[in-house]
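These are the residues of each chain, in order.
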Amino acid sequence: MAPRLRSDLPFRRIAVILSGGGALGAYETGVLRALGHAGLEPAIVAGASAGALNAVCWVAAGLRTEALEALWRRIEPATIGMRWSTLAWRAFGAFIVALGVFEIFLTLIGSPELSLAVWLRGQGIASPGRGSVLLDVLAWTLVSIAGMVSLRGFRETEVVLARTGTTRRGWLARNGLSILLVAWMALHLVAWATGIQWPHRFSATLFAVAVVVWLAGKRGRAGGWLRRLFARLLPESRGRGFWGDAARRHVLEQLVAQGSAERLTSGKPILILTGLALDTGRVAMFVAGAEPSESLRSRAEAALGEVVALRSAAEVVDAAVASSAIPIFFEPASVHGREFIDAVALSTHPLRAALFADADAALVILVSPSGEPPRMRKPRTMVELWGRYLDIANWRDFQREILALPADWRAPAIPRRLCVVEPAEALPGGVLAYSPRLSETLLELGEADAWKALERAGWLSD
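Predicted model, so just to flag it, every value in this text is computed and none were measured. (Residues numbered from 1 in each chain as written. Predicted model: local features only at pLDDT ≥ 70, side-chain atom pairs only at ≥ 80, totals over all residues. Heavy atoms only, no water.)

Participant: Which residues make up the overall build of the chain, and what values go with them?
Facilitator: Helix and strand content of the chain: 15 helices and nine strands. Within the chain, the fraction of its 462 residues that count as buried is 50%. In the chain, 76% of the contacts between residues at least 6 apart in sequence involve partners at least 24 apart. Of the roughly 22200 Å² of accessible surface on the chain, 61% is carried by carbon and sulfur atoms. (Helix = DSSP H or I, 4+ residues; strand = E, 2+ residues; numbered from the N terminus. Buried < 20%, exposed > 50% of the residue type's maximum accessible area, 1.4 Å probe, protein only. Contact = heavy atoms within 4.5 Å. Areas by Shrake-Rupley, 256 points an atom, 1.4 Å probe, with all protein chains shown as cover.)

Participant: Break down the environment of Arg 4 for me, citing the residues and quoting the values.
Facilitator: You can see Arg 4 is positioned in the segment before strand E1 (14-18). Expressed as a C-alpha distance, the spacing of Arg 4 and Asp 462, which sit 458 residues apart in the sequence, is 8.7 Å. Once residues lying within four places of it in the same chain are set aside, the contact partners of Arg 4 are Gly 36, His 37, Ala 38, Gly 39, Trp 459, Leu 460 and Ser 461. In this structure the side chain of Arg 4 is engaged in a polar contact, spanning 2.8 Å, whose partner is the backbone oxygen of His 37. (Polar contact = N/O pair within 3.5 Å; in protein donor to acceptor, adjacent residues only side chain to side chain.)

Participant: Lay out the pattern of salt bridges in plain terms, naming residues and giving numbers.
Facilitator: Note that side chains of opposite charge can pair when their charged atoms are close. Summed over all chains, the structure comprises 14 salt bridges. Arg 33 is paired through a salt bridge with Glu 69; the nearest N and O atoms lie 2.8 Å apart. Placement of the pair is Arg 33 in helix H1 (residues 25-38) and Glu 69 in helix H3 (residues 66-74), with a sequence separation of 36 residues. Each member of the pair, Arg 33 together with Glu 69, is buried. Put simply, Asp 245 and Arg 249 hold a salt bridge, and the shortest N to O gap is 3.5 Å. Looking at Asp 245, the relative accessible area reads 21%, which means it is partly exposed. According to the relative accessible area criterion, Arg 249 is buried, its value standing at 18%. Bridged by salt links that share partners, the residues Arg 33, Glu 69, Arg 73, Glu 440 and Glu 447 form one connected network. (Salt bridge = Lys/Arg side-chain N within 4 Å of Asp/Glu carboxyl O.)

Participant: Lay out the packing of H1 against helix H2 (residues 50-60) with the relevant residues and their values.
Facilitator: With their axes 9 Å apart at the nearest point, H1 and H2 run at an angle of 35° to one another. The way H1 lies across H2 gives a crossing that is right-handed. Across the interface between the two elements, Gly 25, Glu 28, Thr 29 and Leu 32 of H1 pack against Ala 50, Gly 51, Asn 54 and Trp 58 of H2. Residues belonging to the contact of H1 with H2 are distributed by class as follows: three nonpolar, four polar and one charged. (Axes fitted to C-alpha atoms, helices over the stretch in contact; angles between N-to-C directions. Left-handed = near helix turned anticlockwise from the far one by under 90°. Nonpolar A, V, L, I, M, F, W, Y, C, P; charged D, E, K, R; others polar.)

Participant: Can you break down the layout of surface pockets residue by residue, with the values?
Facilitator: Where empty space is left becomes clear once a probe the size of a water molecule has been rolled over the atoms. Estimates place the volume of the second largest pocket at around 300 Å³. What lines the second largest pocket is a set of 16 residues, among which Val 283, Ala 303, Leu 346, Ser 347 and Arg 352 lie closest to the centre. Elements represented by at least two residues in the lining of the second largest pocket include exactly strand E4 (283-288), strand E5 (305-310), helix H13 (351-356) and helix H14 (382-403). Partitioned by chemical class, the residues of the lining of the second largest pocket number nine nonpolar, three polar and four charged. (1 Å grid on protein atoms, 1.4 Å probe; cavity = no way out; pocket = protein on both sides within 12 Å on 5 of 7 lines; lining within 4 Å. Points joined across faces, edges and corners; volume = space filled by probe spheres on them.)

Participant: Quick one: what's the story with empty space enclosed by the protein, residue by residue and with numbers?
Facilitator: Within this structure, the stated rule accounts for five cavities of 30 Å³ or more. Within this model, the largest cavity holds a volume of roughly 230 Å³. Taken together, 19 residues line the largest cavity, and the ones lying closest to its centre are Ala 50, Leu 53, Trp 72, Ile 75 and Ile 80. When contributions to the lining of the largest cavity are tallied by element, the ones reaching two or more residues are H2, H3 and helix H10 (246-258). Considered class by class, the residues forming the lining of the largest cavity number 14 nonpolar, four polar and one charged. The computed volume of the second largest cavity comes to approximately 120 Å³. As for the second largest cavity, its lining consists of 15 residues, and the residues nearest its centre are Gly 20, Gly 21, Ser 49, Asp 342 and Leu 390.

Participant: Explain the packing of H2 against H10 to me, and be specific about the residues and the numbers.
Facilitator: Between H2 and H10, whose axes approach to 8 Å, the crossing angle comes to 20°. Put simply, H2 runs roughly parallel to H10. The handedness of the crossing between H2 and H10 is right-handed. In this structure, H2 uses Leu 53, Val 56, Cys 57 and Ala 60 to contact H10, whose residues at the interface are Leu 252, Leu 255 and Val 256. Among the residues forming the contact of H2 with H10, the class breakdown is seven nonpolar, no polar and no charged. (Parallel < 35°, antiparallel > 145°, perpendicular 65-115°, else oblique.)

Participant: Give me the lowdown on the packing of aromatic side chains, citing residues and values where you can.
Facilitator: As enumerated under the stated definition, the model contains four aromatic pairs in all. With a centroid separation of 5.9 Å and 50° between ring planes, the pair formed by Phe 11 and Trp 459 is classed as tilted. Taken as a pair, Phe 11 in the segment before E1 and Trp 459 in the segment after helix H15 (436-457) lie far apart in primary sequence, 448 residues in all. Note on Phe 11: relative accessible area 9%, which makes it buried. For the pair Trp 243 and Phe 330, a centre-to-centre distance of 6.2 Å together with 50° between the ring planes defines the contact as tilted. Here Phe 330 lies in the loop between helix H12 (313-323) and strand E6 (333-335) and Trp 243 lies in the loop between helix H9 (221-233) and H10, a separation of 87 residues in the sequence. With a relative accessible area of 3%, Phe 330 lands in the buried category. Taken together, the ring pairs in this structure connect Trp 243, Phe 329 and Phe 330 into an aromatic cluster. (Phe/Tyr/Trp six-rings, centres within 6.5 Å; stacked < 30°, edge-to-face > 60°.)

This is the structure:
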């Protein structure tokens with residue numbers, strides 16, 4: 001039988017703090033599983049970024065973790081909207097508009113079959129060669145139009161994929177593109193061998209591009225290599241982020257629906273999420289379940305923050321989506337008509353937010369060792385560089401939070417007011433390495449480290 005919390009634990013307003021950490025949020029879920037077995041019922045749950053998503057789902061589920069564990073065991077980048085395919089679609093749309101116009105020019109100017117001399121001799125377009133060239137022109141014109149359409153509709157496509165991409169796909173859906181490519185290649189070879197009128201140049205070019213896209217979407221070494229190559233070559237993204245919030249919102253709404261949305265505003269426990277307000281530059285404390293007191297508001301303002309009251313489950317979901325809107329990767333999200341993003345280095349561990357809400361003890365979940373910044377190899381891509389930045393931001397923010405604590409919170413007395421759950425060494429993967437295989441490992445590590453931390457802090461019964 002699992003150990004339980006001490007019955008004489010002197011704290012009556014315990015806060016559980018869930019840090020930001022992207023894919024390492026699976027580690028937090030393992031910790032929450034241990035807390036459930038130990039019987040911890042916090043008065044406050046505070047979360048930032050990935051921790052905000054975990055916090056909302058945990059509270060909605062009545063402090064149970066089964067739904068969260070199931071999510072992390074199947075999570076992939078596309079689950080939260082990090083679809084390189086939509087990003088490629090956007091870049092590809094711009095590329096094929098330019099390519100289509102260029103190919104039309106080359107076909108018209110560089111084809112002897114369409115030269116002025118042929119038209120002056122009155123031969124027109126009767127020969128098969130000239131017919132194929134004109135078909136090439138028509139095909140590239142249609143491609144240019146399709147490129148313009150894709151540039152204008154990629155966000156709508158993200159919304160559709162977010163709501164359909166998480167469902168289980170049948171055999172035809174999984175293999176449809178492969179079948180189409182085989183049929184396309186067979187048709188092209190037949191046209192090439194028989195000499196019939198066919199847009200040969202267009203067909204061969206687009207087929208080669210389709211094969212590259214198909215390989216990039218496959219799991220395995222070849223697909224991984226192509227995706228890394230694309231990340232290296234990607235210069236920038238139009239808009240205010242690579243992706244929107246449709247996928248994260250859809251996942252969050254599904255998990256909340258599996259529990260009870262009413263729990264998010266019941267006040268048992270009080271829910272606090274953090275995000276950065278783009279209009280004021282302040283770190284916002286989104287509070288659900290209790291009307292924020294004047295003391296809470298004044299203390300937050302003194303720390304260059306602000307308090308935003310949430311009064312419905314829909315507003316809580318909005319706040320969690322905003323808290324996890326990592327700059328550059330995701331577009332800002334709206335709460336009460338204002339735009340917010342992930343506070344990243346400014347508030348990755350909302351410990352002070354819990355203190356401002358009068359917590360008398362806290363259990364803080366870290367996704368990296370607190371002793372020093374986690375070591376890693378030299379970042380090779382923009383994505384790896386950003387992941388390294390998030391690792392360092394987590395470490396620096398926690399050091400600032402600890403230094404700002406009152407002296408009695410740092411005292412070695414048992415039981416301690418501050419219980420820190422942290423890994424002994426850098427966790428496998430990284431903040432952007434979303435993988436079901438890694439998530440299972442992180443769940444187990446989180447649960448094991450939680451029991452060790454509770455014992456060190458003197459919170460467990462004999």
